[in-house]
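Tertiary structure, described
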Amino acid sequence: MKDEGYVELICKGFCRFYKEGKEELHCGTYVFLRNNLTAAELHSLLKLFKPPAPEFSKDSAIKEMVCDKCDFLVDGCDFRDNESGPPCGGYAILEKLLS
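Predicted, not measured: the structure shown is a model, and the values here were computed from it.

**Details of the layout of surface pockets**
- Reported here for the largest pocket is a volume of approximately 520 Å³.
- In terms of lining residues, the largest pocket is bounded by 28 residues, among which C15, F17, C27, F72 and C88 are the most central.
- Among the elements of the structure, α1 (4-14), α2 (28-36), α5 (71-75) and α6 (78-82) are those that each provide at least two residues to the lining of the largest pocket.
- Element by element, the count of residues in the lining of the largest pocket is highest for α6, at three residues.
- Classifying every residue of the lining of the largest pocket gives 18 nonpolar, five polar and five charged.

Written out as structure tokens, the structure reads:
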């Protein structure tokens, strides 16, 4: 089950794939951000900047740190499979943090 604080910040705020009631599903960037930042830290960072649409400048680092370990990569990630869809919600947040 997802933590509501992170759901508000990452999923509802940035993920086009988010659906109410599917909180048992965890994308790689959600897991990475949850494991490395408290919800309060993430909230404070997001108050300092609002991540724009992803520019993919840190894509290779994000792929290595997060996507290669993501359950959705095996199960079907439209972004990684064929770039037919946007990346997950936490992607732009993580990209901004790495910049």
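**Here we look at the packing of α2 against helix α7 (residues 90-98)**
- Interaxial distance between α2 and α7 falls to 8 Å at its minimum, and their mutual angle equals 50°. The angle between α2 and α7 falls in the class oblique. As α2 packs across α7, the resulting crossing turns out to be left-handed. Only G90, Y91, I93, L94 and L97 of α7 make contact with α2, whose side of the interface consists of T29, F32 and L33.
- Of the residues assigned to the contact of α2 with α7, the class counts are six nonpolar, two polar and no charged.

The rules behind these values
- Residues numbered from 1 in each chain as written.
- Predicted model: local features only at pLDDT ≥ 70, side-chain atom pairs only at ≥ 80, totals over all residues.
- Heavy atoms only, no water.
- 1 Å grid on protein atoms, 1.4 Å probe; cavity = no way out; pocket = protein on both sides within 12 Å on 5 of 7 lines; lining within 4 Å.
- Points joined across faces, edges and corners; volume = space filled by probe spheres on them.
- Helix = DSSP H or I, 4+ residues; strand = E, 2+ residues; numbered from the N terminus.
- Nonpolar A, V, L, I, M, F, W, Y, C, P; charged D, E, K, R; others polar.
- Axes fitted to C-alpha atoms, helices over the stretch in contact; angles between N-to-C directions.
- Parallel < 35°, antiparallel > 145°, perpendicular 65-115°, else oblique.
- Left-handed = near helix turned anticlockwise from the far one by under 90°.
- Contact = heavy atoms within 4.5 Å.

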